[in-house]
Amino acid sequence: MKFNLGKAGEVEIIQVFKGTEELEKFNELYSYLREKELFKGNLGEIYSNIYYKGDKFILLGLGEKEELNPNSLRTAYFKVGKELMKFKERSVNISVCNFEGIEYEESISAIVEGLLQSEYSFEKYLSEKKTKPSLENVYLDVDIEEKLAENIIKETVNLVGGIFFARDLVNEPAMYMTPQALADAAKSELDPLGVKVEIFNKEEIKKLDMKAFLAVAEGSVNEPKLIVMHYEGDPDSDEKLALVGKGLLYDSGGYSLKPANSMVTMHSDMAGSASVIATMKALAENKVKRNVVGVVAACENMVSGGAYKPGDIIGSMSGTTIEVLNTDAEGRLTLADALWYAATEVKADKIVDIATLTGACVVALGHINTGAITNNEELMDNIKEASKLAGEPVWELPHNKEYKELIKGKFADLSNTGGRGAGTITAGLFLEEFVDSTPWVHLDIAGTSYLEKEAAYLPKGATGVPVKTLYYLAKEF
């Protein structure tokens, strides 16, 4: 799909708000459709007038005028993309309007993203592909300086490319997406963009004294990898933002074995790491002026004679001892060492960790909001603003000091689970013990990074959430 500026294209998009009484073009047909209640202008509603000869156009509903926002505009144009694909159309003409309450630049980006999102599919292992993109040229009639519009389009294309990369990493089966494969993917994608990628093997991880990370990794024949990615977008600044992604390439639950049905999608337990790697890619491609370091402790949580067990007491890079009450609460153990590394070795000024950490977060927030815990309200406010720009809602959870009592160990400094109650909160507060007082936010994406069915422009399977939030956090704040 190529984006061009100007008026051209075989199919014209006519944008219609709900309640619009008449249109400048094709009003006779619109009046008929409205009278028969065949088209009302609801958000994402489409009426296609695409024939062999004559004017080709699509009426696109934008819903209530006062409710339109960038995310609903993305959804509407996602549906346009799908409709054009259905009719195998190759070009389209879109006039970018000035919508009340939306920055003009945001409208351009939302339209571009919506169309691009319509083409994503993970069909690598299907003999016959179901998604067959046809749209070759999109012509945007814009009301701003061309160079600015071109920059917005290029930025959006690169950002969506990062999202698609994250989805592909997560959707890949665990038999192929091993710790080594993830490390290789990060290096092959990021090296050419000027991102320095360090890959630490098991012996090097031992030298770093990452005992908690290694305990989780011990049960798998696939060796762990510590992946550290350095993007220096602002050489004149010493400030560094660290993004730490949970990298469980497969999670069986270990000896606290998951039910069979729960294991089917556990190749997606590395969505946090995928979002970090993909964000680094988007930042580098768009040359964002910010220094960002990505840290991923990549391994598998498996059952074997050498695997760690419930009741074990393990160490950590920070020196804190941890009582293992449940081997299925493993992500926080790998993150404990990765966070300590970000705080003390990278010496990051701010840290955000991203993890498919708890089923409790899905119970609490479903598949709509990402859960969050913080020790710094300013950083949390920045993430909330970034999530609004991204259309990826975040909900901050409480962190009363009383919750910390639940993760105190009986025979060690901490226990790796606080029980059933407030599971997302206690997991987050466990991680706080390893950030060395650095301003920090934990994002639990267990419900938002992987879906069982499509939701608006997000596909079934990996969603790529929260790549956009992390990107805007780095760029804008």
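**Student:** How should I be thinking about the overall build of the chain in this particular structure?
**Tutor:** Along its length, the chain carries 14 helices and 19 strands. Whereas a compact globule of 477 residues would reach a radius of gyration of roughly 23 Å, the chain reaches 24 Å, a difference of no more than 12%. By its C-alpha atoms, the chain is 80 × 50 × 45 Å across when sized along the principal axes. Looking at the 477 residues of the chain, the share that counts as buried comes to 57%.

**Student:** Whenever I open this one, the nonpolar core confuses me. Can you help?
**Tutor:** Soluble, globular proteins show a tendency: their nonpolar side chains are buried together. By size, the foremost hydrophobic cluster in this structure holds 90 residues, and its most contacted members are Ile 108, Leu 140, Leu 182 and Met 229. In terms of residue count, the dominant contributor to this core is helix H4 (residues 146–171) (11 residues). One finds Val 216, Val 228, Ala 336 and Ile 407 within the second-largest nonpolar core, a separate group that totals 50 residues.

**Student:** I'm lost on the environment of Leu 241 in this one. Help?
**Tutor:** Tracing the sequence through the fold places Leu 241 in strand E9 (residues 241–251). In this structure Leu 241 comes out as buried when scored by relative accessible area, which is 1%. A sequence separation of 90 residues divides Leu 241 from Gly 331, and the C-alpha atoms of the two residues are 21 Å apart. Once residues within four sequence positions are removed from consideration, Leu 241 is found in contact with Arg 290, Asn 291, Val 292, Val 293, Lys 350, Val 352, Leu 473 and Ala 474.

**Student:** What is the right way to read unusual backbone geometry from this model?
**Tutor:** One can expect most non-glycine residues to show negative phi and most peptide bonds to be in trans. In this structure, the amide linkage connecting Val 465 to the following residue, Pro 466, adopts the cis form with an omega of 10°. Its place among the elements puts Pro 466 in the loop between strand E19 (461–462) and helix H14 (467–476). You will see that Lys 88, though not glycine, has its phi angle at about 60°, which is positive. Residue Lys 88 is classed as exposed on the basis of its relative accessible area, which comes to 64%. Of note, the phi angle at Lys 347 is positive, near 60°, even though the residue is not glycine. Positionally, Lys 347 belongs in the loop between helix H10 (331–344) and strand E13 (350–355).

**Student:** I tried to follow the sheet that holds strand E6 (residues 137–141) on my own but got confused; where do I start?
**Tutor:** Adjacent strands of a sheet form backbone hydrogen bonds with each other and so pair up, either parallel or antiparallel. With respect to topology, six strands assemble into an open sheet ordered E1-E6-E5-E2-E4-E3, the strand pairing being mixed. Looking at strand neighbours, the two that pair on one side only are strand E1 (2–5) and strand E3 (46–49), the edges of this open sheet. With strand direction ignored, the average angle separating the axes of adjacent strands in the sheet is 25°. In the packing of H4 onto the sheet, contacts are made with E1 and E6, and the angle to E1 comes to roughly 165°.

**Student:** In this structure, what is going on with the packing of helix H2 (residues 70–86) against helix H3 (residues 104–117)? I would like to understand it.
**Tutor:** The geometry of a pair of packed helices is captured by two quantities: the angle between their axes and the separation between those axes. One way to put it is that H2 packs onto H3 with a least axis distance of 7 Å and a crossing angle of 40°. Comparing their axes, H3 and H2 come out oblique. Seen along the crossing, H2 lies across H3 with a hand that is right-handed. Contacts between H2 and H3 pair Pro 70, Leu 73, Arg 74, Tyr 77, Phe 78, Val 80 and Gly 81 from the former with Glu 106, Ser 107, Ala 110, Ile 111, Glu 113, Gly 114, Leu 115 and Gln 117 from the latter. Of the residues assigned to the contact of H2 with H3, the class counts are eight nonpolar, four polar and three charged.

**Student:** Please clarify how a nonpolar patch on the surface should be interpreted in this entry.
**Tutor:** A cluster of nonpolar side chains, namely Tyr 125, Met 175 and Tyr 176, defines an oily patch on the protein surface of about 370 Å² accessible area. Within the element layout of this structure, Met 175 appears in the loop between H4 and helix H5 (179–190).

**Student:** Help me out: how do you make sense of the packing of aromatic side chains in this one?
**Tutor:** The relative placement of two aromatic rings is captured by the distance of their centres and the angle of their planes. Using the criterion set out here, one finds nine aromatic pairs in the structure. Plain terms: the ring middles of Phe 17 and Phe 99 are 6.1 Å apart, the flat faces sit at 85° to each other, and that makes the pair edge-to-face. Note that Phe 17 is positioned in the loop between strand E2 (11–16) and helix H1 (27–35) and Phe 99 in the loop between strand E5 (91–95) and H3, a separation of 82 residues in sequence. The residues Phe 17 and Phe 99 share a single accessibility class, namely buried. Through a chain of ring-to-ring contacts, three or more aromatic side chains come together here, namely Phe 122, Tyr 125 and Tyr 176. In this arrangement the basic side chain of Arg 167 is found over the ring face of Tyr 120, its NZ or CZ atom lying 5.0 Å from the centre. Sitting over the face of the ring of Phe 165, Lys 281 holds its NZ or CZ atom 5.8 Å from the ring centroid.

Conventions adopted
Throughout, residues of each chain are indexed from 1 in the direction in which the sequence is written. Only residues with pLDDT of at least 70 get local features here, since the model is predicted, and only at 80 or more are side-chain atom pairs given and counted; chain-wide, interface and lining totals rely on the full set of residues. Note that water and hydrogens are dropped before the side-chain values are worked out from all heavy atoms of the structure. A run of H or I in DSSP counts as a helix once it spans at least four residues, and a run of E counts as a strand once it spans at least two, with each numbered from the N terminus. Just to be clear, the radius of gyration here is over C-alpha atoms, and the globule rule we use is 2.2 Å times residues to the power 0.38. Working definition: with a 1.4 Å probe on protein chains only, accessible area under 20% of the residue-type maximum means buried, over 50% means exposed, and in between means partly exposed. The term nonpolar core refers to a set of buried residues drawn from Ala, Val, Leu, Ile, Met, Phe, Trp, Tyr and Cys, joined through side-chain atoms within 4.5 Å. Contacts are assigned to residue pairs that have any heavy atoms within 4.5 Å of one another. Whether two strands pair depends on DSSP finding at least two bridges between them. The axes are straight lines fitted to the C-alpha atoms, using for helices just the contacting stretch, and the angles between their N-to-C directions are given from 0 to 180°. When an angle is under 35 degrees it counts as roughly parallel; over 145 it counts as roughly antiparallel; between 65 and 115 it counts as roughly perpendicular; any other value is oblique. Throughout, a crossing is termed right-handed when the near helix is turned clockwise from the far one, and left-handed when it is turned anticlockwise from it by less than a right angle. Throughout this entry, Asp, Glu, Lys and Arg are counted as charged residues, while Ala, Val, Leu, Ile, Met, Phe, Trp, Tyr, Cys and Pro are counted as nonpolar. The remaining residues, Gly among them, count as polar. Only residues whose relative accessible area exceeds 30% and that take part in no salt bridge are eligible for patches, with like-charged residues grouped when within 9 Å of each other and nonpolar side chains (Val, Leu, Ile, Met, Phe, Trp, Tyr) grouped when within 5 Å. For accessible areas, the Shrake-Rupley method is used with a probe of radius 1.4 Å. Any residue's cover is judged against the shown protein chains and nothing else. Here a salt bridge means any side-chain nitrogen of Lys or Arg lying within 4 Å of a carboxyl oxygen belonging to Asp or Glu. Here a Phe, Tyr or Trp ring, Trp counted by its six-membered ring, pairs with any other such ring whose centre lies within 6.5 Å, and the pair is stacked when the planes are under 30 degrees apart, edge-to-face when over 60, and tilted otherwise. We count a charge as sitting over a ring when the NZ of a lysine or the CZ of an arginine lies within 6 Å of the ring centre and within 35 degrees of the ring normal.

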